[in-house]
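Here's the letter readout for the chains.
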Amino acid sequence: MTSGTTPGLARFNTSAEGDALAALHEVCTSSAWASKLLAQRPYATVEALFQASDVAMAELTAEDLAEAMAGHPPIGRPKEGDPTSSREQSGMAGASAQLKAEMLELNLAYQDTFGHVFLICATGKTGEQMRDALRERIGNSPEQEREIVRTELGKINRIRLNRLVETTEEENR
């Protein structure tokens, strides 16, 4: 990840408020998070943007976290036609039918327990690693799990923000 200034960061800093808000919404569906990042533009460096994201994530309420989680599909079932979702969950793409069925069962049990999708920064993880994390986390208390989710969302947001500020205007179309 880059920490300096990039053409993508300059574009984000100078884009119309509505366009910047839409771009942030693609990163994270929490309105509170996006508003906090938008209010701090312009960013001198990518690292400054990451730090603002981390601070905004730490300040999210339980309701804000729920709003952010609502933008994420269950592991093993990426959003149809969403390249970001498919790319991030690529570790499940080649999973066996047995592993996919197990993930579905575990996802449903997790949702019954916590009331939201199992959220993990899936980038670079295999299907087995995601399954093992789900198995481990399903025994957490709601408070423990909320803080783990906050951390995982922060990781996902950094990856997505990096992609936003690293890409050229043509790549964003």
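Residues numbered from 1 in each chain as written. Predicted model: local features only at pLDDT ≥ 70, side-chain atom pairs only at ≥ 80, totals over all residues. Heavy atoms only, no water.

J.: I would appreciate a short explanation of the overall build of the chain in the present structure.
T.: Helix and strand content of the chain: 9 helices and 0 strands. Put simply, the chain runs from its N terminus to its C terminus through helices and strands in the order α-α-α-α-α-α-α-α-α. The buried share of the chain, taken over its 173 residues, is 43%. The long-range share in the chain, meaning contacts at least 24 apart out of those at least 6 apart in sequence, stands at 71%. (Helix = DSSP H or I, 4+ residues; strand = E, 2+ residues; numbered from the N terminus. Buried < 20%, exposed > 50% of the residue type's maximum accessible area, 1.4 Å probe, protein only. Contact = heavy atoms within 4.5 Å.)

J.: Would you explain the packing of helix H5 (residues 62-69) against helix H9 (residues 142-166) in this entry?
T.: Think of two packed helices as two axes; the pair is described by the angle between the axes and how far apart they sit. At a closest axis distance of 11 Å, the pairing of H5 and H9 adopts a crossing angle of 55°. Relative to H9, the element H5 is oriented oblique. Viewed along their axes, H5 and H9 form a crossing whose handedness is left-handed. Residues Ala 62, Leu 65, Ala 68 and Met 69 of H5 lie in contact with H9, whose contacting residues are Arg 146, Val 149, Arg 150 and Leu 153. Class assignment of the residues belonging to the contact of H5 with H9 gives a composition of 6 nonpolar, no polar and 2 charged. (Axes fitted to C-alpha atoms, helices over the stretch in contact; angles between N-to-C directions. Parallel < 35°, antiparallel > 145°, perpendicular 65-115°, else oblique. Left-handed = near helix turned anticlockwise from the far one by under 90°. Nonpolar A, V, L, I, M, F, W, Y, C, P; charged D, E, K, R; others polar.)

J.: Explain the nonpolar core here, please?
T.: Inside soluble globular proteins, nonpolar side chains tend to come together where they are buried. The biggest cluster of nonpolar side chains holds 44 residues, and the ones touching the most others in it are Trp 33 and Leu 161. Of all the secondary-structure elements, those providing two or more residues to this core are helix H1 (7-14), helix H2 (17-27), helix H3 (31-39), helix H4 (46-58), H5, helix H7 (97-114), helix H8 (127-137) and H9. Residues within four places of Leu 161 in sequence aside, it is in contact with Leu 24, Val 27, Trp 33, Leu 37, Leu 49, Phe 50 and Ser 53. (Core = buried A, V, L, I, M, F, W, Y, C linked by side-chain atoms within 4.5 Å.)

J.: In this structure, what is going on with H3? I would like to understand it.
T.: Since there are 3.6 residues in each turn of an α-helix, residues three or four apart along the chain are aligned in direction. Of the positions making up H3, those classed as buried are Trp 33, Ala 34, Leu 37 and Leu 38. Seen along its axis, H3 keeps its buried residues to an arc of 130°; they face one direction. Buried residues along H3 sit in contact with H2, H4 and H9. (Arc of directions from axis to C-beta.)

J.: Sorry, what's going on with the environment of Arg 163 here?
T.: Its location among the elements puts Arg 163 in helix H9. Taking the C-alpha atoms as reference points, Arg 163 and Gly 8, separated by 155 residues in sequence, lie 8.9 Å from one another.

J.: Quick question: what am I supposed to make of the packing of aromatic side chains here?
T.: Between two aromatic rings, the relevant description is the distance of the centres plus the angle of the planes. Using the criterion set out here, one finds 3 aromatic pairs in the structure. Judged by centre distance (6.4 Å) and plane angle (25°), the ring pair of Phe 12 and Tyr 43 falls under stacked. One end of the pair, Phe 12, is in helix H1; the other, Tyr 43, is in the loop between H3 and H4, and 31 residues separate them in sequence. Of the two residues, Phe 12 and Tyr 43, neither departs from the other in class, the shared state being buried. For the pair Tyr 110 and Phe 114, a centre-to-centre distance of 4.6 Å together with 45° between the ring planes defines the contact as tilted. Here Phe 114 and Tyr 110 lie together in helix H7, a separation of 4 residues that amounts to about one turn. Note on accessibility: Tyr 110 and Phe 114 belong to one class, buried. In this structure an aromatic cluster arises from ring pairing among Tyr 110, Phe 114 and Phe 118. Between the NZ or CZ atom of Arg 41 and the centre of the ring of Phe 12, over which it lies, the distance is 5.6 Å. (Phe/Tyr/Trp six-rings, centres within 6.5 Å; stacked < 30°, edge-to-face > 60°. Lys NZ or Arg CZ within 6 Å of the ring centre and 35° of its normal.)

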